[in-house]
2 protein chains.
Amino acid sequence: MSTRYTVSQIARRTGLTVRALHHYEAAGLLRPASRSDAGYRLYGEAELLRLQHIVSLKALGFSLADIRACIDADAPSLGGALARQIERLREAVVRQQELLGRLERIAHQLAAGATIDAETLLNGIEATTIMQNHFSNEQLQAIKARGDALGAERIREVERAWPEVIAGMQAALALDKDPASAEVRALARRWRGLLREFTGGDAGILQSMNAMFRAEPAVMQARTGIDPVLLAYASKAVGLLGED
Amino acid sequence: MSTRYTVSQIARRTGLTVRALHHYEAAGLLRPASRSDAGYRLYGEAELLRLQHIVSLKALGFSLADIRACIDADAPSLGGALARQIERLREAVVRQQELLGRLERIAHQLAAGATIDAETLLNGIEATTIMQNHFSNEQLQAIKARGDALGAERIREVERAWPEVIAGMQAALALDKDPASAEVRALARRWRGLLREFTGGDAGILQSMNAMFRAEPAVMQARTGIDPVLLAYASKAVGLLGED
DNA sequence: CGTGCGGCCTCACGCTGCGTGAGGGTCAAG
DNA sequence: CTTGACCCTCACGCAGCGTGAGGCCGCACG
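An account of the accompanying structure is given in this report.

About the cut-offs
- Residues numbered from 1 in each chain as written.
- Chains lettered and ligands numbered in written order.
- Predicted model: local features only at pLDDT ≥ 70, side-chain atom pairs only at ≥ 80, totals over all residues.
- Heavy atoms only, no water.
- Helix = DSSP H or I, 4+ residues; strand = E, 2+ residues; numbered from the N terminus.
- Rg over C-alpha atoms; globule rule 2.2 N^0.38 Å.
- Buried < 20%, exposed > 50% of the residue type's maximum accessible area, 1.4 Å probe, protein only.
- Contact = heavy atoms within 4.5 Å.
- Areas by Shrake-Rupley, 256 points an atom, 1.4 Å probe, with all protein chains shown as cover.
- Lys, Arg positive; Asp, Glu negative; His and termini not counted.
- Charge placed at Lys NZ, Arg CZ, Asp CG, Glu CD.
- Near = heavy atom within 4 Å.
- Polar contact = N/O pair within 3.5 Å; in protein donor to acceptor, adjacent residues only side chain to side chain.
- Nonpolar A, V, L, I, M, F, W, Y, C, P; charged D, E, K, R; others polar.
- Least-squares fit on C-alpha atoms with pLDDT ≥ 70 in both.
- Expected span 1.5 Å × (residues − 1).
- Arc of directions from axis to C-beta.
- Core = buried A, V, L, I, M, F, W, Y, C linked by side-chain atoms within 4.5 Å.
- Salt bridge = Lys/Arg side-chain N within 4 Å of Asp/Glu carboxyl O.

1. Topic: the overall build of chain A
Next up, step 1: Within chain A one finds twelve helices and two strands.
Next up, step 2: Counting from the amino terminus, helix and strand elements in chain A follow one another as α-α-β-β-α-α-α-α-α-α-α-α-α-α.
Next up, step 3: Compactness check: chain A gives a C-alpha radius of gyration of 31 Å against a globular reference of 18 Å for 244 residues, more than 25% above the reference.
Next up, step 4: Dimensions along the principal axes, computed over C-alpha positions, put chain A at roughly 100 × 45 × 30 Å.
Next up, step 5: The 244 residues of chain A split such that 37% are buried.
Next up, step 6: Intrachain contacts of chain A at a sequence separation of at least 6 include 57% that bridge at least 24 residues.
Next up, step 7: Of the accessible surface of chain A, which amounts to about 13,300 Å², a share of 55% is contributed by carbon and sulfur atoms.
Next up, step 8: Taking the 30 positively charged and 29 negatively charged side chains of chain A as two groups, their mean positions are separated by 6 Å.

2. Section: the environment of B:Tyr43
Residue and element names in this part refer to chain B.
Next up, step 1: Structurally, the position occupied by Tyr43 is in the loop between β2 (41-42) and α3 (45-59).
Next up, step 2: Classification of Tyr43 as buried rests on a relative accessible area of 0%.
Next up, step 3: With 127 residues separating them in the primary sequence, Tyr43 and Gln170 have C-alpha atoms 80 Å apart.

3. Some points on the protein's contact with DNA strand C
Next up, step 1: Around DNA strand C there are 19 residues in total, and A:Thr17, B:Thr6, B:Ser8, B:Tyr40 and B:Arg41 lie nearest to it.
Next up, step 2: The contact atoms of DNA strand C, taken as those within 4 Å of the protein, divide so that sugar and phosphate hold 69%.
Next up, step 3: At 3.1 Å, a side-chain N or O of A:Tyr24 approaches a phosphate oxygen of DNA strand C.
Next up, step 4: Taking A:Tyr40, its side chain carries an N or O atom lying 3.0 Å from a base nitrogen of DNA strand C.

4. Points about the protein's contact with DNA strand D
Next up, step 1: If you check the shell around DNA strand D, you find 19 residues, and the closest are A:Thr6, A:Ser8, A:Arg41, B:Thr17 and B:Arg19.
Next up, step 2: At the protein interface, 72% of the atoms of DNA strand D within 4 Å belong to sugar or phosphate.
Next up, step 3: A distance of 3.4 Å separates a base oxygen of DNA strand D from a polar atom in the side chain of A:Tyr40.
Next up, step 4: Mapped by element, the contributors of at least two residues to the surface near DNA strand D are α1 (7-14) and α2 (18-26) of chain A together with α2 (18-26) of chain B.
Next up, step 5: At four residues, α2(B) tops the list of elements feeding residues into the surface near DNA strand D.
Next up, step 6: Here the residues of the surface near DNA strand D sort into seven nonpolar, seven polar and five charged.

5. A look at the relation of the copies chain A and chain B
Next up, step 1: Of the transformation placing chain A onto chain B, the axial shift is 0.0 Å and the rotation is 179°, giving an RMSD of 0.4 Å. Such a combination of rotation and displacement between the chain copies is what one expects of a two-fold axis. Of every C-alpha in chain A, the one belonging to A:Val93 sits nearest the axis of rotation, 2.9 Å from it.
Next up, step 2: An overlap of 100% is found between the interface residues of chain A and their copies at the interface of chain B, pointing to a shared contact surface.

6. Overview of helix α12 (residues 228-241) of chain B
Residue and element names in this part refer to chain B.
Next up, step 1: Between its first and last C-alpha atoms α12 spans 20 Å; for 14 residues at 1.5 Å apiece the expected length is 20 Å, and the two agree.
Next up, step 2: Buried within α12 we find Leu230, Leu231, Tyr233, Ala234, Ala237, Val238 and Leu241. An end-on view of α12 places all buried positions within 165° of arc, on one side of the element. Those residues of α12 that are exposed and aimed more than 90 degrees away from the buried face are Val229, Lys236 and Gly239.
Next up, step 3: Those residues of α12 that are buried lie in contact with α8 (152-174), α9 (182-199) and α10 (203-215).
Next up, step 4: Structurally, the start of α12 carries an N-cap: the backbone nitrogen of Val229 is 3.0 Å from a side-chain oxygen of Asp227.
Next up, step 5: In the stretch just after α12, Gly242 is the one whose phi turns positive, near 70°.

7. What about the nonpolar core?
Next up, step 1: Counting 34 residues, the largest nonpolar core has A:Leu21, A:Leu51, A:Ile54, A:Leu57, A:Leu60, A:Phe62 and B:Leu103 as its most contacted members.
Next up, step 2: Among the elements that make up this core, the one with the highest residue count is helix α5 (residues 75-112) of chain A (six residues).
Next up, step 3: In this structure A:Leu57 touches A:Phe62, A:Ile67, A:Cys70, A:Ile71, B:Leu122 and B:Ile125, once residues within four positions along its chain are discounted.

8. Focus: α3(B)
Residue and element names in this part refer to chain B.
Next up, step 1: An ideal rise of 1.5 Å per residue puts 21 Å on 15 residues; α3 measures up with 21 Å between its terminal C-alpha atoms.
Next up, step 2: Of all the positions in α3, only Glu47, Leu48, Leu51, Gln52, His53, Ile54, Val55, Ser56 and Leu57 are classed as buried.
Next up, step 3: Where α3 terminates, the next one or two residues include Gly61, which has phi positive at roughly 90°.

9. Some points on the pattern of salt bridges
Next up, step 1: Using the criterion set out here, one finds 23 salt bridges over all chains in the structure.
Next up, step 2: A:Arg190 serves as the salt-bridge partner of A:Glu164, at 3.4 Å between the closest nitrogen and oxygen. Here A:Glu164 is found in helix α8 (residues 152-174), whereas its partner A:Arg190 is found in helix α9 (residues 182-199), with 26 residues between them in sequence.
Next up, step 3: When the shortest N-O distance is used, the salt bridge between B:Arg90 and B:Glu87 registers 3.9 Å. You can see B:Arg90 and its partner B:Glu87 sitting in helix α5 (residues 75-112), three residues apart, about one turn around the helix.
Next up, step 4: Among the residues examined, B:Arg90 registers a relative accessible area of 37% and is labelled partly exposed.
Next up, step 5: Judged by relative accessible area, which is 39%, B:Glu87 ranks as partly exposed.
Next up, step 6: Sharing partners across several salt bridges, the network here consists of A:Glu25, A:Arg35 and A:Arg41.

Pasting the structure below:
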């Protein structure tokens, strides 16, 4: 009449392991219909059906807790759980794709830069990580678009120009020169020009960059040579330029 | 001279927690430069730098073990680890996108079918799950393309026609009619027609479907009303049709 | 000089979804 | 009676920490 199956039979029919069935029982997901005299688990058709549902939901990425909620409460939670699961997965995919993008960019750099040492590579990775933390995705895209617009050649020029300007500004600061003096104004104009080359005139990006320098003074100093004092001095000098 | 930082200072500067730093130490990732008399962990600039690297690599999704390998062994493993990580991530993205696709299809059905009860929904989910297990991705795409080509209206017609043909075949089997008789031949022709509507004449899909019926007789019987005996009978009858 | 509060320390369990034994009964066949 | 093949119940292990528990520093305040 009521056919009974042992754990291993059930396991074979569902593609699960015996251990998993034990686990599901412990998790309150599926209790055997009965036990034999020796304590063997015995399952019936109803349990098999329920298990099919469990397997299906698990294949959709639901957690055991979610599955229990869905099956126990029946209808109400299922639709909601489905929606939540979709939302979760969408976010996960987006995150992973961003991550993948970053990894691929790094791998690309590595392939282009021929034999690059680990230290340099890690520093580069660190830079992108910090950027990732301080700029929004839109801002990062804007920066990337800006870089594409400028072209690799111009970017190299800018990168060569920065140390010079920074050194000049540092020297002016060391000699305690008036930020309003003609010499410092000239430096500030170059500074502002290079900065705009990066920000593209986007006030938000400028703000985020300042925040980044404030949040990571040590790292930024190590990478750019700009410490908070120098930044303040240069900012003041640029501010004194007015709309000139 | 050599500035020393306490755990919580390091934690603040890196955005990690004190517990995480303890964990990294236990994992052999980052040992404090020294300890105070009271046993307090004391970190230096070098540790801070190393930790930046660790954070960066972690942000790229590397496991602590991988990170340790990368940082300890320096250059050699980093490139390889990067490539492996990219590969892993690509696979993960593909898997999750497939999953997302399935979930969205189900959600779509649910939205279309208005108020569908949980039982029916779970059965639908089960069907897609089993299909997923028995057909390759290419086959599933081919089936989907086939469905699009036929159109929703034709599919509904086919779905209405199947039970009728199955019932007829079942009746013929029950009466032990000769599979070669005119009546059964007529049934077999309709059966074959409906089947081709699904397979699109693809022998691989037909084979996989037979395998599915063999592997999941109970489920398939519950869903289609076709049991192994009936399937054998029908297959014989169809075979007897020849190239007719 | 005590005391209170914030850090710091070292265990150690918890979470997810089982895998993988350990140690020991059960059942049908030979 | 023995031998496999199954079954049982613990219980640890995995990754990466979170979150206490219980107790020792260290600095400031009264």
